[in-house]
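Below are the chains, spelled out letter by letter.
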Amino acid sequence: MIRTENPVEEMSQFLKLLSDGTRLEVLRRLHAREHCVCDFVEMFDISQPAVSRHLKLLRQAQVILERRERQWIYFRLNPDHPQHDLLLTILTSMEPLPVPAPKSC
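This section reports on the structure supplied with the text. (Residues numbered from 1 in each chain as written. Predicted model: local features only at pLDDT ≥ 70, side-chain atom pairs only at ≥ 80, totals over all residues. Heavy atoms only, no water.)

## Description of the pattern of salt bridges
Scanning the entire structure with this criterion turns up 6 salt bridges. Residue Arg67 is joined to Glu34 by a salt bridge in which the shortest nitrogen-to-oxygen separation is 2.1 Å. Placement of Arg67 in strand S2 (residues 64–69) and of Glu34 in the loop between helix H2 (21–32) and strand S1 (35–36) is noted, with a sequence separation of 33 residues between them. Classification of Arg67 by relative accessible area gives partly exposed; the value is 30%. Note on Glu34: relative accessible area 25%, which makes it partly exposed. Across the pair Arg67 and Glu69 runs a salt bridge, and its minimum N-O distance is 2.7 Å. The exposure class assigned to Glu69 is partly exposed, which follows from its relative accessible area of 29%. (Salt bridge = Lys/Arg side-chain N within 4 Å of Asp/Glu carboxyl O. Helix = DSSP H or I, 4+ residues; strand = E, 2+ residues; numbered from the N terminus. Buried < 20%, exposed > 50% of the residue type's maximum accessible area, 1.4 Å probe, protein only.)

This is the structure in structure tokens:
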């Protein structure tokens, strides 16, 4: 997350990041378990570059973390993000997801 001297601006930037439905759904899915890009391409039926762009914005804001396993990169929520508790409040206020078993890409 971009740190500024103005907490109102920081919160505004965080909420703008969450204001996109696709990114919010990505975060909702990551709250259930970690995922790779191929999972999101299939879930949202959008192109891999579009998914990667959303993930890049979330990574740049340090809301998500990544883990490399061979050629795959898996993403998860960052528990050390300053707004992690707020994010969990938002995500848990939404209808819970069924948790499917992880698949290999």
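That shown, we press on.
## Considering the packing of aromatic side chains
Given two aromatic rings, one states the distance between the centres and the angle between the planes to describe the pair. Per the stated rule, a full pass over the model turns up 1 aromatic pair. When the centroid spacing of 5.9 Å and the interplanar angle of 10° are considered together, the rings of Phe40 and Phe44 count as stacked. With a gap of 4 residues between them, Phe40 and Phe44 both fall in helix H3 (residues 37–44), about one helical turn apart. Using a relative accessible area of 22% as the deciding quantity, one classes Phe44 as partly exposed. (Phe/Tyr/Trp six-rings, centres within 6.5 Å; stacked < 30°, edge-to-face > 60°.)

In short, geometric facts, not functional conclusions.
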